[in-house]
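# Geometric and topological summary
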Protein chains: 2
Amino acid sequence: MKNTVIIVAGGSGTRMGTSVPKQFLEINNKPVIIHTIEKFYFFDRNIHLILVISSGHRSIWDQISRNFSIPLRYEIAIGGQTRYHSVKNGLNLVKEESLVGIHDAVRPLIRTETIADIYREAANHGNAVPCVPVRESVREIKLSGSRIIDRKDLTLVQTPQVFLYTVLKKAYKIPYSAEFTDDASLVERSGVKIHLVQGDLYNIKITSPEDLEIAGRILG
Amino acid sequence: MKNTVIIVAGGSGTRMGTSVPKQFLEINNKPVIIHTIEKFYFFDRNIHLILVISSGHRSIWDQISRNFSIPLRYEIAIGGQTRYHSVKNGLNLVKEESLVGIHDAVRPLIRTETIADIYREAANHGNAVPCVPVRESVREIKLSGSRIIDRKDLTLVQTPQVFLYTVLKKAYKIPYSAEFTDDASLVERSGVKIHLVQGDLYNIKITSPEDLEIAGRILG
């Protein structure tokens, strides 16, 4: 089956204290989003790439695409008001049955081998969602204080989350709600059982200047 | 008030697939535990250092202490069957009222500034436990599948956890139970309210060869 990836780069990056959103900042002289695209290129040189970019950042992207080699042909969808709306816009550009991965542009550390594992599991099970174990003690914070909670039943969810196109298309008919923090939670609501697979421990989401610095050392 | 730190190096390191436990493996040509000790030395050159080491690893430690400079004078307590028992053995070597930090030997990435923050907060509140926010979606795994849970009330707990000696001594009168996954949960059981403070995002616990590799690049 054909592979598609929707790379979501809609975030405004306000937490970084920079005017350029974090997905467009450079790690080792290359924008984060280019590192991310390259990982999918190494997985499948024929993957259908859809980039979701806010209209307000289009000029930044145009500049990047002139200065750096983009290894894959791609289409651009316009970012929406929330991640839900961004992914939905990207999904409208998928025209045929395929395995559709949805990935955060700000996760450039994903390993190509892990991408391959997730797509393969999704082909077998209809969907695959990468998770990593919780390695610290977990406390629940309440108004009255905090209390320890059992971590052994908890797992942390990452991206790329991969689904059959038909599964995702059906899930995105559900209207937007703030409770859908990722695609898995939306697909789950549509009645499909989520298939968890092993993620990468260091597939971190770059949200702070410190993350950018650490990611540079890890990629280095 | 005087500062004490109990560095717990009792683990057997079986998950690493090595015979030498992870706290004794080298990062950038220096054992993990030496990196960890140095961080506390830079915080307070007069800190009372207690190392908890399993009797089975005593010869490894003796070799390390001959080959590397240990910047602090220290005492050694014998590791117990569980972390609870190890800390309790360490605590027996504390002779006077002080602020007692308990830290995992396998967390060499803790920043000196963060150590200082935690001890200062503990001086003001009687205890201080470092936490970092959960940055991923969280799923709860059940026999019937998994479901998304709200992460905004959850926080991940790290070390060093710092307590007034009297608080800790009283808590460790409670008999061992497997539910005490860290010192904060034991102290909480003794009736003391836990004071959460900001931890270091990259104060990771080294439990796999990959962690060792990543920690090397971050420290590098």
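See the structure shown above.
Given the structure is predicted, the values throughout are model-derived calculations rather than measurements. (Residues numbered from 1 in each chain as written. Chains lettered and ligands numbered in written order. Predicted model: local features only at pLDDT ≥ 70, side-chain atom pairs only at ≥ 80, totals over all residues. Heavy atoms only, no water.)

So, about the relation of the copies chain B and chain A. The relation between the two chain copies is a rotation about an axis coupled with a shift along that axis. Between the two copies, chain B and chain A, the superposition gives an RMSD of 0.0 Å; the rotation angle is 180° and the shift along the axis is 0.0 Å. As the rotation angle and translation indicate, the two copies are arranged about a two-fold axis. Considering only C-alpha atoms, the part of chain B nearest the rotation axis is Arg217(B), at 2.9 Å. Mapped onto chain A, 98% of the interface residues of chain B again fall at the interface, so both copies present the same surface. (Least-squares fit on C-alpha atoms with pLDDT ≥ 70 in both. Contact = heavy atoms within 4.5 Å.)

Here we take up the nonpolar core. Ranked by size, the top nonpolar core spans 28 residues in total, and within it Ile7(A), Ile33(A), Ile37(A), Leu51(A), Trp61(A) and Tyr119(A) carry the most contacts. Residue assignment for this core shows that the elements contributing at least two residues are β1 (3-9), α1 (32-43), β4 (48-53), α2 (58-67) and α4 (112-125) of chain A. In terms of residue count, α1(A) provides more of this core than any other element does, six residues in total. Counting 27 residues, the second largest nonpolar core, distinct from the first, contains Val5(B), Ile115(B), Ala128(B) and Val162(B). (Core = buried A, V, L, I, M, F, W, Y, C linked by side-chain atoms within 4.5 Å. Buried < 20%, exposed > 50% of the residue type's maximum accessible area, 1.4 Å probe, protein only. Helix = DSSP H or I, 4+ residues; strand = E, 2+ residues; numbered from the N terminus.)

In this section: the packing of aromatic side chains. Under the definition given, this model contains ten aromatic pairs over all chains. Ring plane angle 55° and centroid distance 5.5 Å describe the contact between Tyr41(A) and Phe42(A), whose orientation is recorded as tilted. Here Phe43(B) and Tyr119(B) contribute two aromatic rings whose centre-to-centre distance is 4.8 Å and whose plane-to-plane angle is 35°, an arrangement assigned as tilted. Linking Phe43(B) in helix α1 (residues 32-43) with Tyr119(B) in helix α4 (residues 112-125), this pair joins segments that are 76 residues apart in sequence. Taken as a pair, Phe43(B) and Tyr119(B) share a single burial class, namely buried. Members of the aromatic cluster, each reached through a chain of ring pairs, are Tyr84(A), Tyr172(A) and Tyr176(A). (Phe/Tyr/Trp six-rings, centres within 6.5 Å; stacked < 30°, edge-to-face > 60°.)

A separate point is unusual backbone geometry. Residue and element names in this part refer to chain A. Here the residue pair Thr159 and Pro160 is connected by a cis peptide bond, since its omega of 5° sits within 30 degrees of zero. Structurally, Pro160 can be placed in the loop between β10 (154-157) and β11 (161-164). Phi is positive for Asn28, which is not a glycine, with a value near 50°. Look at Asn29: it is not a glycine, yet its phi comes out positive at around 65°. Along the chain, Asn29 falls in the loop between β2 (26-27) and β3 (30-31). Classification of Asn29 by relative accessible area gives exposed; the value is 64%.

Sheet topology note: the strand β4 (residues 48-53) of chain B/strand β5 (residues 74-78) of chain B ladder contains five bridges and is parallel. Counted as the bridge partner of Leu51(B) is Ile76(B) from β5(B). (Pairing = 2+ DSSP bridges.)

What follows covers helix α3 (residues 83-91) of chain B. Residues and elements named next belong to chain B. Of all the residues in α3, the buried ones are Tyr84, Ser86, Val87, Gly90 and Leu91. For α3, the angular spread of buried residues about the axis comes to 165°, placing them on one side. Elements in contact with the buried residues of α3: β1 (3-9), β4, β5, β6 (99-104), α5 (165-171) and α6 (183-189). Of the residues that open α3, the one with a side-chain oxygen 3.2 Å from the backbone nitrogen of Tyr84 is Thr82. (Arc of directions from axis to C-beta. Polar contact = N/O pair within 3.5 Å; in protein donor to acceptor, adjacent residues only side chain to side chain.)

Right, let's talk about the side chain of Asp200(B) for a bit. Residues and elements named next belong to chain B. For Asp200, the location among the structural elements is in the loop between β12 (196-198) and α7 (209-219). A distance of 2.7 Å separates a polar atom in the side chain of Asp200 from a polar atom in the side chain of Thr114. Apart from the residues within four sequence positions on either side, Asp200 is in contact with Leu109, Ile110, Arg111, Thr114, Val132 and Gln158.

Another aspect to go through is the interface of chain B and chain A. Counting from both sides, the interface comprises 42 residues of chain B and, opposite them, 41 residues of chain A. Considering only the surface of chain B that becomes buried against chain A, Glu136(B), Arg139(B) and Tyr202(B) emerge as the three largest contributors, covering 19% of it. At the surface where chain B touches chain A, the tally comes to eight salt bridges. At the boundary of chain B with chain A, the tally comes to 24 residue pairs in polar contact (both at pLDDT 80 or more). Those elements that place two or more of their residues in the side of chain B that touches chain A are β8 (137-142), β9 (145-149), β10 (154-157), α6 and α7 of chain B. In terms of residues, the side of chain B that touches chain A owes the most to one element, α7(B), which gives six residues. Along the lines of polarity and charge, the residues of the side of chain B that touches chain A split into 17 nonpolar, ten polar and 15 charged. Bridge count for β10(A) against β8(B) is four bridges, and the pairing is antiparallel. (Buried area = accessible area lost by both parts, 1.4 Å probe. Salt bridge = Lys/Arg side-chain N within 4 Å of Asp/Glu carboxyl O. Nonpolar A, V, L, I, M, F, W, Y, C, P; charged D, E, K, R; others polar.)

One way to put it is that helix α7 (residues 209-219) of chain A packs onto α7(B) with a least axis distance of 8 Å and a crossing angle of 115°. For the crossing formed where α7(A) meets α7(B), the hand is right-handed. Residues Ile214(A), Arg217(A), Ile218(A) and Leu219(A) of α7(A) lie in contact with α7(B), whose contacting residues are Ile214(B), Arg217(B), Ile218(B) and Leu219(B). Of the residues that constitute the contact of α7(A) with α7(B), the class distribution is six nonpolar, no polar and two charged. (Axes fitted to C-alpha atoms, helices over the stretch in contact; angles between N-to-C directions. Left-handed = near helix turned anticlockwise from the far one by under 90°.)

Within the structure shown, the criterion is met by two cavities of 30 Å³ or more. Along the walls of the largest cavity sit 23 residues, with Leu156(A), Leu201(A), Ile204(A), Leu156(B) and Leu201(B) positioned nearest its centre. Looking at the lining of the largest cavity, the elements that each hand over two or more residues are β7 (127-133) of chain A together with β7 (127-133) of chain B. Across the lining of the largest cavity, the residue classes tally to 15 nonpolar, two polar and six charged. Each pocket or cavity is described by its volume, and for the second largest cavity that value is around 50 Å³. Lining the second largest cavity, in full, are Arg83(A), Tyr84(A), Tyr172(A), Phe180(A), Thr181(A), Asp182(A), Asp183(A) and Leu186(A). Within the residue set of the lining of the second largest cavity, elements represented by two or more residues are α3 (83-91) and α6 (183-189) of chain A. Per-class residue counts for the lining of the second largest cavity are four nonpolar, one polar and three charged. (1 Å grid on protein atoms, 1.4 Å probe; cavity = no way out; pocket = protein on both sides within 12 Å on 5 of 7 lines; lining within 4 Å. Points joined across faces, edges and corners; volume = space filled by probe spheres on them.)

Residue and element names in this part refer to chain B. Structurally, Ser98 is set in the loop between α3 and β6. On the basis of relative accessibility, which here comes to 1%, the residue Ser98 falls in the buried class. Among all residues touching Ser98, those that are not within four sequence positions of it are Met1, Lys2, Thr4, Phe163, Leu164 and Tyr165.

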